[in-house]
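# Secondary and tertiary structure notes
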Amino acid sequence: MNELDLTNTQSVIFMVVLVGWLLYLNHRDRQKSAQRERENQQMIETPREELNPCYGRYIQLAGKRNN
């Protein structure tokens, strides 16, 4: 690593620290994703009885253009 003016030993240590840091960030990201997934599963919406069963079809028709 000539740009940083490091010896071979320093370069190896730097790379090991860098890989360890990336593994830590990946682990932390996976934990956050799993937590969000658990929260999303807890918030499953239940349909209300007062809604019309054709409500979704109305939305589909509203999004279409007439040519």
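A brief structural summary. (Residues numbered from 1 in each chain as written. Predicted model: local features only at pLDDT ≥ 70, side-chain atom pairs only at ≥ 80, totals over all residues. Heavy atoms only, no water.)

Along the protein chain, the regular secondary structure elements total 2 helices and 0 strands. Carbon and sulfur atoms make up 54% of the accessible area of the protein chain, which totals about 7100 Å². (Helix = DSSP H or I, 4+ residues; strand = E, 2+ residues; numbered from the N terminus. Areas by Shrake-Rupley, 256 points an atom, 1.4 Å probe, with all protein chains shown as cover.)

On the surface, Leu4, Phe14, Met15, Leu18, Trp21, Leu22 and Tyr24 cluster together to form a nonpolar patch covering roughly 700 Å² of accessible area. Here Phe14 is to be found in helix H1 (residues 8–42). Assessed through its relative accessible area of 37%, Phe14 is described here as partly exposed. (Patch = residues over 30% accessible without salt bridge, like charges linked within 9 Å, V, L, I, M, F, W, Y side chains within 5 Å. Salt bridge = Lys/Arg side-chain N within 4 Å of Asp/Glu carboxyl O. Buried < 20%, exposed > 50% of the residue type's maximum accessible area, 1.4 Å probe, protein only.)

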